[in-house]
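If you want the building blocks of each chain, they are given just below.
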Amino acid sequence: MARRATAERGARRHAPGRIPSEGDMAYDTSMTEGYGSDAMGDRERGRSRWRGSGGRWWVWVGRAVLWAFIIVVVVNGVRAPFERFTQSDTPTGGATTTPKSTFPTTQASAYALQFASAYLNYDQGNPAARATKLAPYLPDTTDQQLGWNGSGSMKLDSAQVAGVDVRDDHNALVTLAVSVNGSSMQLAVPVYSSGGAMAIIGKPALMPVPRKATLPEAPNVTEDSAVETQLKTDLKGFFVAYAASDTASLDRFVAPNSSVTGLGGAVQYAGIKDVVVPEGGDQRHAMVTVTWRIPNAARVKGASAGELDQTYDLTIIKDQDKWDVGQIRGSTEPAGP
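What you are looking at is a predicted structure, and each value in this text was computed from that prediction instead of being measured. (Residues numbered from 1 in each chain as written. Predicted model: local features only at pLDDT ≥ 70, side-chain atom pairs only at ≥ 80, totals over all residues. Heavy atoms only, no water.)

Description of the pattern of salt bridges
Keep this limit in mind: Salt bridges, as used here, are contacts in which a Lys or Arg side-chain nitrogen is within 4 Å of a carboxyl oxygen on Asp or Glu. The numbering of helices and of strands both runs from the N terminus, where a helix is a DSSP run of H or I of at least 4 residues and a strand a run of E of at least 2. Only protein chains enter the accessibility calculation, which uses a 1.4 Å probe; a residue whose area is less than 20% of its type maximum is buried, one above 50% is exposed, and one in between is partly exposed.
The tally for this structure, following the rule as stated, stands at 6 salt bridges. Across the pair Glu307 and Arg293 runs a salt bridge, and its minimum N-O distance is 3.5 Å. One end of the pair, Glu307, is in strand E10 (residues 306-319); the other, Arg293, is in strand E9 (residues 283-294), with 14 residues separating them in the sequence. Its salt-bridge partner being Asp319, residue Lys322 comes within 3.7 Å of it at the nearest N-O pair. For Asp319, a relative accessible area of 32% gives the class partly exposed.

As structure tokens, then:
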């Protein structure tokens, strides 16, 4: 009977679709042990998940650092151009520099040259002509003679732009090197610009030409007298061809891959006055003073041609027993007596 009862309890426990009752649970200790075992397993798994969560904290810390870096990069990228646009053009303290500006210096230079032609030419016999020429440059409220009292005469011989001092986006002082009535001086012209339009905003000012500079002493050079003697002979053919732009002849004296043209017959070779060549290797810089014969511009019959000494810097390159010309240009060396 005991065995039968046990079998019935087992049948009731394993019958499909049947939910165990409280009575079943009271007699079936294996089910109680099973539930306890599952609960214990859940607690163990929970502890296992908690022990592994430390790695996740490091992941979140890494993500936070990465996002902070990205934010810093973005903020600096936006701030830098904003600061460039808003910062002052003139530094605080120390030496001042010309401010960055959108002032049209090229157009203002041409404008000042045209104005100078009207401003520096006048004749008391026809003062109205000067006022008419000045009118396009002056505001309507400005004295149309711009300071001239109507007496005397002045003639502008020549004018060139010497410099532009930009004060801001609308104002600049254009300095012109001028020759007036045979005298050299400078003229400072105040030019105003706005939206492509220009005007002379104030009265110009005559200024002195730059003073004569004191030259430094010429450096001591150890000259190669043998090469100098050779070049005085060899360079004769070069300068004859250079004066006439004789390309075929120039090729005999010019180094490969060098570009030397000539003066197109404007002058004639008259001689070499001086050659200075420092000691060195197979490539050197020589200073050569050549005498040019200048044809008489007036073509006066019987008049002799003038002569003019000019100094050149030549790059010379040794080719076996001769020297080729690699480059010819003007010289900055002090002129001799």
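Here's the deal with the nonpolar core
Quick reminder of the rule: In this text, buried Ala, Val, Leu, Ile, Met, Phe, Trp, Tyr and Cys residues form a nonpolar core when linked through side-chain atoms within 4.5 Å. In what follows, a contact means two residues having at least one pair of non-hydrogen atoms within 4.5 Å.
If you look at the biggest cluster of nonpolar residues, it comprises 27 residues, and the most contacted ones within it are Leu231, Leu235, Phe238, Phe239, Trp292 and Leu314. If one sorts the elements of this core by residue count, helix H6 (residues 225-244) sits on top with 8 residues. Setting aside residues no more than four positions away along its own chain, Phe238 makes contact with Leu250, Phe253, Val254, Val260, Leu314, Val325 and Ile328. Ranked by size, the runner-up nonpolar core spans 26 residues in total, among them Tyr137, Leu156, Leu176 and Val178.

Remarks on the confidence of the model for the protein chain
For the record, the criterion: By definition, pLDDT measures how confident the predictor is in each residue, and it falls between 0 and 100.
Taken over all residues, the pLDDT of the protein chain has a mean of 80, while the share at 70 or more is 72%. Here residues 46-52 is a poorly scored stretch, pLDDT under 50, and it has 0 contacts once near neighbours within four places are set aside; other chains count.

What about a nonpolar patch on the surface?
How we decide: Each patch is assembled from residues with relative accessible area greater than 30% and no salt bridge, linking like charges that lie within 9 Å and nonpolar side chains (Val, Leu, Ile, Met, Phe, Trp, Tyr) that lie within 5 Å. The accessible surface values rely on the Shrake-Rupley method and a 1.4 Å probe; as for residues, cover is taken only from the protein chains in view.
Side chains of Leu66, Trp67, Phe69 and Ile70 sit close together on the surface and give an oily, nonpolar patch of about 460 Å² of accessible area. Structurally, Leu66 can be placed in helix H3 (residues 29-86).

Focus: the packing of aromatic side chains
Spelled out, the test is: The criterion for an aromatic pair is that two Phe, Tyr or Trp rings (for Trp, the six-membered ring) have centres within 6.5 Å, with stacked assigned to planes under 30 degrees apart, edge-to-face to planes over 60 apart and tilted to the rest.
The full count for this structure, using the stated rule, is 12 aromatic pairs. Aromatic side chains Phe115 and Tyr137 sit 5.7 Å apart centroid to centroid with 70° between the ring planes, which places their arrangement in the edge-to-face category. Note that Phe115 is positioned in helix H4 (residues 105-119) and Tyr137 in the loop between helix H5 (127-134) and strand E2 (153-154), a separation of 22 residues in sequence. Where Phe239 meets Tyr312, the ring centres are 6.1 Å apart and the plane angle is 45°; that geometry is what we call tilted. With Phe239 in helix H6 and Tyr312 in strand E10, this pair connects stretches of sequence that are 73 residues apart. Taken individually, Phe239 and Tyr312 each receive the classification buried, so the pair is uniform in this respect.

Some thoughts on the sheet that holds strand E8 (residues 268-276)
Here is the rule we go by: Strand pairing follows a simple DSSP-based rule, namely that at least 2 bridges must link the two strands. Only the contacting stretch of a helix is used when fitting its axis, a line to C-alpha atoms as for every element, and angles between N-to-C directions run 0 to 180 degrees.
Sheet architecture is open: 4 strands sit in the order E8-E9-E10-E11, paired in antiparallel fashion. Edge positions in the sheet fall to E8 and strand E11 (322-330), since each has one partner strand and no second. Sheet twist, expressed as the mean angle between neighbouring strand axes with direction ignored, is 40°. Two strands pair when backbone bridges link them, and E8 and E9 are joined in this way by 7 bridges, in the antiparallel orientation. Along E9, the bridge assignment pairs Val276 with Met287. Helix-sheet contacts for H6 involve E8, E9, E10 and E11, and the interaxial angle to E8 is about 150°.

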